[in-house]
Amino acid sequence: MENLNLKLKIWRQSSPNDKGAFVSYDVSGLNTHMSFLEMLDVLNEKLVVTGDDPVAFDHDCREGICGMCSMVINGKPHGPQKGTTTCQLHMRHFKDGDTVTIEPWRAKPFPVLKDLIVDRSSFDRIIQSGGYISVNTGSAPDGNSLPISKEIAEDAFDAAACIGCGACVAACKNASASLFVSAKVSQLSLLPQGQPEREERVKNMVSKMDEEGFGHCTNTGACEAECPKEISLEYIRKLNWEYHRSNIKG
Amino acid sequence: MILDNKIPAGPLEDKWTNYKAKVPLVSPSNKRNLEVIIIGTGLAGASAAASLAEMGYKVKTFCFQDSPRRAHSIAAQGGINAAKNYQNDGDSTYRLFYDTIKGGDYRAREANVYRLAEVSASIIDQCVAQGVPFAREYGGTLDNRSFGGVQVSRTFYARGQTGQQLLLGAYSALSRQISKGNVQMFNRHEMLDIVKIDGKARGVIVRNLVTGEYQRHFGHAVVLATGGYGNVYYLSTNAMGSNVTASWKAHKKGAMFANPSYTQIHPTCIPVSGEYQSKLTLMSESLRNDGRIWVPLKKGDKRRPIDIPEEERDYYLERRYPAFGNLVPRDVASRAAKERCDAGYGVGSTGLAVFLDFEDSIKRLGKEVVASRYGNLFEMYQKITGEDPYKMPMRIFPAVHYTMGGLWVDYDLMTTVPGLYAIGECNFSDHGANRLGASALMQGLADGYFVLPYTIGKYLSDDIRTPAISTEDEQFEKAEKEAKNRVNKLLNNNGNRSVESFHRELGKVVWDHCGMSRNKNDLEKAIETIKDLKAEFWTNVSVPGEENVINPELAKAGRVADFIELGELMMRDALARDESCGGHFREEHQTDEGEALRDDTNFAFTSAWEFSGEKTPSKLNKETLEFENVQLTQRSYK
Ligand SMILES: Cc1cc2nc3c(=O)[nH]c(=O)nc-3n(C[C@H](O)[C@H](O)[C@H](O)COP(=O)(O)OP(=O)(O)OC[C@H]3O[C@@H](n4cnc5c(N)ncnc54)[C@H](O)[C@@H]3O)c2cc1C
Ligand code: SF4
Ligand code: FES
């Protein structure tokens, strides 16, 4: 359908220190085949031509895989569609005349840099604290020397599908990063290659998560509900189990 | 300028082994004092940074995204090739080499391609050891699939997210080195220029995209791993931020640009749906393993595809290429789709689409098997188009996907500027005039993990006595000033057209005249059109906002300005290459059946363009391609 008209209420904040506020915009004549970000492109091009500051937002692949796009749309991280990133959300899910509220991720460990852009470098630091297998280039044995059952490989893949977008944190009232951390910990502890560093890894990553100011998990399940890659809460259970196991093993 | 490709002497199979045996080494204590700058942390950059840091070099890396994990490599879907012969179907290093040379329509360098095939197997081992969850067979061994243009199964994959998993592997290795303090990573930083001192690359000017601050960084060597420039076409399957700026700045500082017009147009993408379209989405080539491509036999047939009976369908790839069928190489498949659509058989609202149909596979294999192979792709298709591909054939059309052209490099992966290297998609090296599927990931990781770490040592071993050069040096000063001036000019231009509108206009010119088919007349005209566009850009572009805060329009403006200049060079390159080869199809040169007609007598060379100043057209240098191990034949997939 052509001619979708919307009222947008967008969070504008010029810099990390600015207080920020919602600003209203009208956009008209949208096509329902557009993606949500293309809708914002239309608004921004209008703003540029009138000499106004366009709305800053993070995005890159626009295919739901890089994890860069990050907006809370009508109160939901990545908007109303289940298992869908903002960039993969299409305007056919909105009705003519709707008011749409757009905000950045709101969580202390993700400070706003400008408008809808936040700083997620804390996620990188969590990975740096242990989200890897220590293997130098050139020292690997033949790929088939280590058979891994299809089931384990698939389970590890399900966890590895996390795109590091941070919607789980934005959805959580405690701003916990448990789903994100659990995905990496689970992937690597499921695989035989990950065994040698299994205990160290979970301890370091959990303590880094705390240090970065992420809150504790109280099992509300909000993260799983909003995760665009539908990473399962089961992995948080696994994370807890791995954590206790590492304490026992020392 | 004489191009020395530095190919080692000796038989093809021994070149790399001998090279490695003889290359000078740098001692661990010296490595600690040698600094390497790497721009870009996609597959190529992240793997190189991790490997060099493990070896003991001091590394600085830069990317424009908010994390190295988000580089465009993340979006690669289908898989990565390696000559493992795990399927026992006759694969070998030689066969992978041969397929790549032939697939590239005999416009790549034998020695480089052979080395690529040779190191391919180690890549898989390395990635498995990092915990990359590749697809497995029930017995626990690694699974393979086949890809276009070959007759063996050598593609390793992780569902439809191979690039994601490989990049996260490289990112984890990089993260490990960051945590050890061996790599200093700069996110949200953009490289604006290369700094040359005494003829050698010695550093870069970067801009912090959050604060607008300019920084100078010294390196004994500089490595570009900045990806491809498909976004010159505006619409492409590349990520929105992919750009040519780093390569272009290097080009202007003396690095030659090779084969800029060699572009890969991927046959299976979701068609354009409207003017507002910001990018195109690829549907992995792996779909061609089980999907059949067709158009109606009758022109302008408006029936729903499921209502068109079998005998009224034209499975044109199976008809024209019985030996390879739906698995012909990309350039061939794309041109065939264009041919049908130009002839009026295209489907969909614009007539610029063909069907990719899974009905037979679903019947043969069951919906579940099809879903396990392509589930996430089907879902993606449905999200974007709102149609269910289990019930209705997909509609697809070719789209710009990959750029085989790039900075010219020698066997060491060094550009024509000493100390400046280019790895991954931003160099021109291995794919000739057409890249085979699943070979870009292979090349990026080969360059980063297994080639550059050796070859850079050759250069740096001569540099152990060079102390770090102060960034107060006048060359740093000068380069920073130029970068600043340009940004100021963009911000204070007071024009009245958006950057986006220029980009869209450029894209249309490049697509129309340097896309799936090209001819002399159009190319000559397009050069003039682009010159005018450049002049208008600098008088009439409007860039809002300020310099010292996040300003995406400003970043985009700089990139589009460089794309415009590149666009002109692409036209010149396509014009100079008066033959057809691979993805470069000159209408003047085709066989009676409409296939690309090469001219090996006159064009078996790599075009390497030399920047000759803003006012003078670039100069063409030629690197002759010597084929000692394969025989040049007319590529046939019939
Ligand atoms: C949709 C899609 C699917 C694909 N699927 C496959 C596949 O299945 N198999 C396959 O083999 N190939 C595939 N390819 C191709 C392949 O993904 C790419 O060629 C490859 O990933 C490029 O890797 P790279 O490391 O060279 O560059 P990129 O991953 O593009 O990384 C570029 C890096 O450079 C940085 N950068 C760029 N410019 C600057 C600058 N000026 N300053 C600072 N940093 C900068 C970026 O931030 C980024 O870190 C696909 C491509 C696309 C578009
Ligand atoms: S767990 Fe889900 S929501 Fe959280 S970062 Fe990963 S993909 Fe995003
Ligand atoms: S832009 Fe990459 S996931 Fe949305």
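Source: prediction; values computed, not measured.

J.: Looking at this structure, I do not really get the sheet that holds strand 16 (residues 406-407) of chain B. What am I missing?
T.: The strands that make up a sheet pair up through hydrogen bonds in the backbone, lying either parallel or antiparallel. Residue and element names in this part refer to chain B. A sheet is described by the order of its strands in space; here 4 strands give the open sequence 16-10-20-21, paired in antiparallel fashion. Two strands close off the open sheet at either side, each with one partner strand: strand 16 and strand 21 (619-624). With 6 bridges connecting them, strand 20 (residues 605-610) and strand 21 associate as antiparallel partners. For Glu610, the partnering residue across the bridge sits in strand 21 and is Lys619. Along the sheet face, helix 16 (residues 552-576) touches strand 10 (257-258), strand 20 and strand 21 and points at about 145° away from the line of strand 20.

J.: So what exactly am I meant to see when it comes to the site of ligand 1 here?
T.: Residues and elements named next belong to chain B. Taken together, 38 residues form the shell around ligand 1, and within it Gln65, Ser73, Gly78, Glu425 and Leu441 come nearest. Ala225 has a polar backbone atom sitting 3.4 Å from an oxygen atom of ligand 1. One of the backbone N or O atoms of Ser439 is found 3.2 Å from an oxygen atom in ligand 1. When isolated, ligand 1 has an accessible area of 1000 Å², and the protein chains bury 98% of it. Sorting the residues of the shell around ligand 1 by element identifies helix 3 (43-55), strand 6 (189-197), strand 15 (394-403) and helix 12 (440-460) as the ones contributing at least two each. Per element, the largest residue contribution to the shell around ligand 1 is 3 residues, and it comes from strand 6.

J.: Can you help me understand the domain arrangement of chain B in this one?
T.: A common way to report how large an interface is uses the accessible area buried once the components associate. Residues and elements named next belong to chain B. If you check the domain split of chain B, you get domain 1 (12-262 + 404-460), domain 2 (266-401) and domain 3 (486-599). Relative to domain 2, the C-alpha centre of domain 1 lies at a distance of 31 Å. Residue-level contacts link 24 residues of domain 1 with 27 residues of domain 2. Both faces considered, domain 1 and domain 2 share a buried interface measuring about 2200 Å² in area, 51% of it formed by carbon and sulfur atoms. It is Gln77, Leu235 and Thr237 in domain 1 that bury the most area against domain 2; as a group they hold 29% of the surface buried on that side. Counting across the domain 1 and domain 2 interface gives 0 salt bridges. Seen at the junction of domain 1 and domain 2, the total is 10 residue pairs in polar contact (both at pLDDT 80 or more). Grouping the amino acids of the side of domain 1 that touches domain 2 by side-chain chemistry returns 8 nonpolar, 14 polar and 2 charged.

J.: So what exactly am I meant to see when it comes to the site of ligand 2 here?
T.: Lining the immediate environment of ligand 2, one finds A:Phe123, A:Cys162, A:Ile163, A:Gly164, A:Cys165, A:Gly166, A:Ala167, A:Cys168, A:Leu179, A:Cys227, A:Pro228 and A:Ile231. In terms of residue class, the shell around ligand 2 is made up of 10 nonpolar, 2 polar and no charged.

J.: Explain the packing of aromatic side chains to me, please; I cannot follow it from the model alone.
T.: The description of an aromatic ring pair uses the distance of the two centres, along with the angle that the planes make with each other. Per the counting criterion, the structure on display carries 32 aromatic pairs over all chains. A ring pair is formed by B:Phe358 and B:Phe378, whose centres lie 4.9 Å apart and whose planes are at 65°; its orientation type is edge-to-face. Here B:Phe358, found in the loop between strand 14 (354-357) and helix 10 (359-365), pairs with B:Phe378, found in helix 11 (residues 367-385); they are 20 residues apart in sequence, far enough to count as distant. For B:Phe378, a relative accessible area of 1% corresponds to the buried category. Feature note: the residues A:Phe110, A:Phe123, A:Phe180 and A:Phe214 constitute an aromatic cluster, connected by ring pairs. Taking the ring centre of B:Trp16 as reference, the NZ or CZ of B:Arg115 above it sits at 4.9 Å. Against the face of B:Phe502 rests B:Arg497, its NZ or CZ located 4.0 Å from the ring centre.

J.: Teacher, can you tell me more about the nonpolar core here?
T.: Burial of nonpolar side chains together is a common tendency in soluble globular proteins. Counting residues in hydrophobic clusters, the biggest one holds 222 residues, and the most contacted among them are B:Ile80, B:Phe134 and B:Leu224. Aside from chain neighbours lying at most four places away, what touches B:Leu224 is B:Ile39, B:Met191, B:Ile194, B:Ala246, B:Ser247, B:Ala250, B:Leu407, B:Leu420, B:Tyr421, B:Ala422, B:Ile423 and B:Cys426. Counting 28 residues, the second-largest nonpolar core is a separate cluster that includes A:Trp11, A:Val27, A:Leu37 and A:Cys69.

J.: Looking at this structure, I do not really get the interface of chain A and chain B. What am I missing?
T.: Every contact between the two is made by 70 residues of chain A and, on the other side, 75 residues of chain B. Taking both sides of the interface into account, the surface hidden between chain A and chain B amounts to around 6000 Å²; carbon and sulfur atoms contribute 52%. In this assembly, chain A and chain B are joined by 7 salt bridges. Here A:Asp158 and B:Arg159 are joined by a salt bridge, their closest N and O atoms 3.0 Å apart. For the side of chain A that touches chain B, the elements supplying multiple residues, two or more each, are helix 1 (36-49), strand 6 (112-114), strand 7 (117-118), helix 2 (121-128), helix 3 (150-160) and helix 5 (178-190) of chain A. It is helix 3 of chain A that contributes the most residues to the side of chain A that touches chain B, 7 residues altogether. Residues that form the side of chain A that touches chain B fall into these classes: 31 nonpolar, 22 polar and 17 charged.

J.: It is not clear to me how the side chain of B:Ser146 should be interpreted in this structure. Could you clarify?
T.: With respect to the helices, strands and loops of the structure, B:Ser146 is situated in the loop between helix 5 (110-130) and strand 4 (155-156). Each residue touching B:Ser146, except ones within four places of it in the same chain, is listed here: B:Val152, B:Ser153, B:Thr155, B:Asn289 and B:Leu327.

J.: Which parts of the structure should I look at to understand the packing of helix 15 (residues 520-540) of chain B against helix 16 of chain B?
T.: Relative placement of two packed helices is described by the angle separating their axes and the distance separating the axes. Residues and elements named next belong to chain B. Running from N to C, helix 15 and helix 16 cross one another at 160°; their axes reach a closest spacing of 9 Å. Here helix 15 is positioned roughly antiparallel relative to helix 16, judged by the angle of their axes. When you trace helix 15 past helix 16, the crossing you get is left-handed. Across the interface between the two elements, Lys520, Leu523, Glu524, Ala526, Ile527, Ile530, Lys531, Lys534, Phe537 and Trp538 from helix 15 touch Ala557, Val560, Ala561, Ile564, Glu565, Gly567, Glu568, Met571, Arg572, Ala574 and Leu575 from helix 16. A per-class count over the contact of helix 15 with helix 16 returns 13 nonpolar, 1 polar and 7 charged.

J.: Help me out: how do you make sense of the sheet that holds strand 9 (residues 221-224) of chain B in this one?
T.: Residue and element names in this part refer to chain B. Ordered in space as 5-2-1-9-17, the 5 strands form an open sheet in which the pairing is parallel. This sheet does not close on itself; its edge strands, each paired only once, are strand 5 (183-186) and strand 17 (420-422). The sheet shows a mean angle of 20° between the axes of neighbouring strands, taken without regard to direction. Bridge analysis of strand 1 (residues 35-39) against strand 2 (residues 58-62) gives 5 bridges, and the strand direction is parallel. Residue Ile39 lies in a different strand from strand 2, and its bridge partner there is Phe62. Taken strand by strand, helix 3 contacts strand 1, strand 2 and strand 5, and its axis lies near 165° from that of strand 1.

What counts as what
Residues numbered from 1 in each chain as written. Chains lettered and ligands numbered in written order. Predicted model: local features only at pLDDT ≥ 70, side-chain atom pairs only at ≥ 80, totals over all residues. Heavy atoms only, no water. Pairing = 2+ DSSP bridges. Helix = DSSP H or I, 4+ residues; strand = E, 2+ residues; numbered from the N terminus. Contact = heavy atoms within 4.5 Å. Axes fitted to C-alpha atoms, helices over the stretch in contact; angles between N-to-C directions. Near = heavy atom within 4 Å. Polar contact = N/O pair within 3.5 Å; in protein donor to acceptor, adjacent residues only side chain to side chain. Areas by Shrake-Rupley, 256 points an atom, 1.4 Å probe, with all protein chains shown as cover. Domains from an automatic or database assignment. Buried area = accessible area lost by both parts, 1.4 Å probe. Salt bridge = Lys/Arg side-chain N within 4 Å of Asp/Glu carboxyl O. Nonpolar A, V, L, I, M, F, W, Y, C, P; charged D, E, K, R; others polar. Phe/Tyr/Trp six-rings, centres within 6.5 Å; stacked < 30°, edge-to-face > 60°. Buried < 20%, exposed > 50% of the residue type's maximum accessible area, 1.4 Å probe, protein only. Lys NZ or Arg CZ within 6 Å of the ring centre and 35° of its normal. Core = buried A, V, L, I, M, F, W, Y, C linked by side-chain atoms within 4.5 Å. Parallel < 35°, antiparallel > 145°, perpendicular 65-115°, else oblique. Left-handed = near helix turned anticlockwise from the far one by under 90°.

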